[in-house]
Structures are given as C-alpha cells and as structure tokens.
Amino acid sequence: MATTADSVPATARRSFRWERTYAVPAPRLFEVVSDLDIYAEFAPNLARVDVLSGDGVGMVRQCTDPDGQSWRETYTDWVPGTRLATRVDVSTYPADLAAMIVALEMSIEVEPVDADSSKVVVVVDAELSDLGRSVFDEGGAADDLMRPILEGWGQHVLSTSSAARDGGPSQP
C-alpha cells in the first residue's frame, strides 16, 4: 500500500456517476428513489435503513448490512420531488468499510424528460484508500452495488405503474 511520508495510507478522490431513464413521471420516480424501504430492498449491501432523527436536511438514517453491522448517514440536501444528498458518518463505519472508504457523499437527482418519463442521476463522491480504489474503482464494486438498485427502481416503478393503470394500488 502506498503511504505518505507520515506513514498514513494514501487516499484519492473518486467520483462515480450513474444515469437511468424510466417511463414514469418525475414526481413518482422521486417517491420511489427517496423511499428508504425500497432503497434497502434493492441495495445488495443493506438489510434495512431506519430513520434515527429529523426530516429533510439534517435527517439521520442508520444503514444496516446483512451481517447486522450499521453506520449512520445524514441528509445534506433535500429538495422535495427533485434531489436528495447524504454524507456518511465514516466514524460509524464497520472496520471493513473504514479500511476502504475515508469519506463518502451521495446525491440522487430526478429530472423530467417529458410528461411521462424521467431520469435519475446518482453521483457518489468518495475518498478511497488504496484498498478502496482496488475494490470499488478497479474491481467494479461501485457498479456492482448500484446496478441492482437502478434495476430495482425500474422494476418497482413499472410494477406499481401497471397496478395503477389496472385499477390496483399505486404503491405497494
């Protein structure tokens, strides 16, 4: 592992971006991407997400992985129907994540494409250790974590939109 003169592991900033268009109006897509239960359902590294305090900017959520390890994230931006952003409290990270991720922020933005479709843009800005770069950047783990979420959001909006057209509930 590369180190600085002070024997502190070297880190580097990385930015990851994903974009996906869905056949659903922007307000409905934002409902889906901002729903913590839906997020936890499709994120392969999560078993659950719980709100600890607050609402909107300043809201603190606790993410728990399938092994029961948890960490906290704070909402740094909240524009209803359009955008949300979070910052991980890395001091609460389990040791395996702390060894890879020095800092992490994520934003999710929903933009209308037309009246019946919209796109979501997810950006993750992270400061990664050498190990983190190896796993998330070079090893493709960032894409492996995000792909099921994007696909799950798509399945969810399609299934709930179909149910609404068929006279069923618009939400599960």
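Nothing here was measured: the structure is a model prediction, and the numbers come from that model.

Novice: Can you walk me through the overall build of the protein in this structure?
Specialist: Helix and strand counts for the protein stand at five helices and seven strands. Sequence-ordered secondary structure for the protein, helices as α and strands as β, is β-α-α-β-β-β-β-α-β-β-α-α. Sequence-distant contacts, at least 24 apart, represent 51% of the contacts inside the protein between residues at least 6 apart. As presented, the protein carries roughly 8800 Å² of accessible surface, and 50% of it is formed by carbon and sulfur atoms.

Novice: Is there a simple way to think about the layout of surface pockets in this case?
Specialist: One water molecule sets the probe size; rolling that probe over the atoms shows where empty space is left. Quantified by volume, the largest pocket comes out at close to 560 Å³. Asn-45, Tyr-93, Leu-104, Phe-136 and Leu-145 are, among the 31 residues lining the largest pocket, the residues nearest its centre. Breaking the lining of the largest pocket down by element, the ones donating at least two residues are strand S1 (11-22), strand S3 (60-64), strand S4 (70-79), strand S5 (83-89), helix H3 (95-98), strand S6 (101-114), strand S7 (117-129) and helix H5 (141-165).

Novice: How should the pairing of S7 be read in this particular structure?
Specialist: Remark: a regular strand shows side chains that alternate across the two faces of the sheet. Counting buried positions over the 13 residues of S7 gives ten, a clear majority of the element. Bridge count for S1 against S7 is twelve bridges, and the pairing is antiparallel. Paired with Arg-13 across the two strands is Glu-127, which belongs to S7. Strand direction decides the pairing type here: S6 and S7, joined by twelve bridges, are antiparallel. Within the sheet, the bridge partner assigned to Ser-107 lies in S7 and is Val-123. Taking the residues between adjacent antiparallel strands as the criterion, S6 and S7 are bridged by two residues.

Novice: Even after reading the chapter, I still don't get the sheet that holds S4, so can you show me in this structure?
Specialist: Two orientations exist for strands paired in a sheet by backbone hydrogen bonds: parallel and antiparallel. Pairing is antiparallel in the open sheet, where seven strands are placed in the order S1-S7-S6-S5-S4-S3-S2. Unpaired on one side and paired on the other, S1 and strand S2 (48-53) mark the two borders of the sheet. Geometrically, the sheet is characterised by an average inter-axis angle of 20 degrees between neighbouring strands, direction not taken into account. Note that S5 and S6 share five bridges and pair antiparallel. By the bridge assignment, Leu-84 is partnered in S6 with Ile-108. Where helix H1 (residues 26-33) meets the sheet, it contacts S1, S4, S5, S6 and S7, and its direction lies at approximately 155 degrees from that of S6. This element, helix H4 (residues 130-138), spans S1, S6 and S7 of the sheet and lies at about 150 degrees to S7.

Novice: Teacher, can you tell me more about the pattern of salt bridges here?
Specialist: Should the charged atoms of two oppositely charged side chains come close, the side chains can pair. Following the criterion strictly, the structure yields 14 salt bridges and no others. Arg-48 serves as the salt-bridge partner of Asp-50, at 2.7 Å between the closest nitrogen and oxygen. Judged by its relative accessible area of 45%, Arg-48 is partly exposed. Asp-144 is the partner of Arg-147 in a salt bridge, and the nearest nitrogen-oxygen pair spans 3.5 Å. Note that Arg-147 and Asp-144 are positioned in helix H5 at a spacing of three residues, about one turn of the helix. For Arg-147, a relative accessible area of 37% corresponds to the partly exposed category.

Novice: Honestly, empty space enclosed by the protein in this entry has me stumped. Any pointers?
Specialist: Summed over all chains, the structure comprises one cavity of 30 Å³ or more. Lining the largest cavity are Val-33, Ser-34, Asp-35, Leu-36, Tyr-39, Arg-61, Tyr-75, Leu-84, Met-106 and Ile-108. Residue assignment for the lining of the largest cavity shows that the elements contributing at least two residues are helix H2 (36-42) and S6. Broken down by class, the residue content of the lining of the largest cavity amounts to seven nonpolar, one polar and two charged.

Rules of the game
All residue numbers refer to positions counted from 1 along the written sequence of the respective chain. In keeping with the model being predicted, local features are shown solely for residues with a pLDDT of at least 70 and side-chain atom pairs are shown and tallied solely at 80 or more, while totals for entire chains, interfaces and linings include all residues. For side-chain calculations, the full set of non-hydrogen atoms in the structure is used, while hydrogens and water are omitted. Numbering of helices and strands runs from the N terminus; a helix is a DSSP stretch of H or I covering at least four residues, while a strand is a stretch of E covering at least two. Contact definition: two residues touch when any of their heavy atoms are within 4.5 Å. Each accessible area is a Shrake-Rupley result for a 1.4 Å probe, and residues are judged covered by the shown protein chains and nothing else. Both cavities and pockets are sets of points on a 1 Å grid over the protein atoms alone; in a cavity a 1.4 Å probe fits but cannot get out, in a pocket the set is open with protein on both sides within 12 Å along at least five of seven lines, and lining residues sit with an atom within 4 Å of a point. Grid points are joined across faces, edges and corners, and a volume is the space filled by probe spheres set on the points. Any residue under 20% of the maximum accessible area for its type is buried, any over 50% is exposed, and the rest in between are partly exposed; the area is computed with a 1.4 Å probe on protein chains only. The pairing criterion for strands is at least two bridges between them, as found by DSSP. Orientation is described by axes fitted as lines to C-alpha atoms, over the contacting stretch for helices, and by angles from 0 to 180 degrees between their N-to-C directions. By definition here, a salt bridge exists when the distance from a side-chain nitrogen of Lys or Arg to a carboxyl oxygen of Asp or Glu is within 4 Å. Three classes are used, and their members are as follows: Ala, Val, Leu, Ile, Met, Phe, Trp, Tyr, Cys and Pro are nonpolar, Asp, Glu, Lys and Arg are charged, and the others, Gly among them, are polar.

Read these as spatial facts, not as claims about activity.
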